[in-house]
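Observations on chain architecture
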Amino acid sequence: MENSKIDKILLLEIFSRINELVKGTNITLYALGGTALTLLDMKPASADIDLIINKDDWDLMRAVLNEVGEEYSVRIDKFYNDWMGTYWLPDDFRGKSIGLTYTDQLEVKSLSLVDILLTKLIAHRPKDLFDVSPLVRLHPESLEFALKRYEQDYVFNVSKDKKENKEIIERLILGYLKYKQN
């Protein structure tokens, strides 16, 4: 049975276990989605763990994360390098990431607040829109940067997807900015 909610304490325990399993290898993982928001204290818990794995670490980390997922009965979604399924994260996402925790061999970072916002808006599920509410409330300036970053830096596999997502994201951001002005 899978844990239904993964809070920050459990996330840190899982990262500690991952650190034990990567003996002798320095690894950086990038948290995104609810995982990042939980680690940043913007959400009480996540339904799963979402991590980006650098391409050089893919084989090792895929095996380690599968083992840890079974051990803790949690779902761990693994994303390869910068590929998110239908789009690529911008080349500079690593440089803009936020350092969260570091052990002797494992560093966990979060996507930047703007990239978290954009990945949630691109997914466009009701739970994602709910998740970004605290982010927008605490960091309203992130909306102003989000549209520009999205247009300049996000690359989609299918141009139709980009056009449809762009329209949705523009409506959401502009609608929220208009709402904030009133």
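Bear in mind that the values here come from a model prediction, so they are computed numbers and not experimental data. (Residues numbered from 1 in each chain as written. Predicted model: local features only at pLDDT ≥ 70, side-chain atom pairs only at ≥ 80, totals over all residues. Heavy atoms only, no water.)

Our focus in this paragraph is the pairing of strand β4 (residues 49-53). Looking down a regular strand, the side chains alternate between one sheet face and the other. Taken across its five residues, β4 has five buried, putting it largely inside the fold. Across the two faces of β4 the burial is the same, with Ile49, Leu51 and Ile53 and Asp50 and Ile52 all buried. With five bridges joining them, β4 and strand β5 (residues 76-80) adopt parallel strand pairing. Bridging from a neighbouring strand, Leu51 pairs with Lys78 of β5. (Buried < 20%, exposed > 50% of the residue type's maximum accessible area, 1.4 Å probe, protein only. Helix = DSSP H or I, 4+ residues; strand = E, 2+ residues; numbered from the N terminus. Pairing = 2+ DSSP bridges.)

Now for the pattern of salt bridges. Under the defined criterion, the tally for this structure stands at eleven salt bridges. Linking Glu107 and Lys109 is a salt bridge whose minimum nitrogen-to-oxygen distance equals 3.9 Å. You can call Glu107 partly exposed: its relative accessible area is 22%. For Lys109, a relative accessible area of 19% translates into the label buried. One salt bridge in this structure joins Lys120 and Asp131, with 2.6 Å as the shortest N-O distance. Within this pair, whereas Lys120 is found in helix α5 (residues 113-123), its partner Asp131 is found in helix α6 (residues 126-138), the two being separated by eleven residues in sequence. Each member of the pair, Lys120 as well as Asp131, carries the same accessibility label: buried. Taken together, the shared-partner salt bridges connect Arg17, Glu20, Glu67 and Glu71 into one network. (Salt bridge = Lys/Arg side-chain N within 4 Å of Asp/Glu carboxyl O.)

All right, on to α5 then. Counting buried residues along α5, ten of its eleven residues qualify, which places the element largely inside the surrounding structure. Turning to α5, its buried residues are Leu113, Val114, Asp115, Ile116, Leu117, Leu118, Thr119, Lys120, Leu121 and Ile122.

Another point: unusual backbone geometry. Unusually for a residue other than glycine, Asp41 sits at a positive phi of about 60°. The phi dihedral of Ser73 falls on the positive side, at around 55°, and the residue is not glycine. Along the chain, Ser73 falls in the loop between α3 (58-72) and β5. Residue Ser73 is classed as partly exposed on the basis of its relative accessible area, which comes to 28%.

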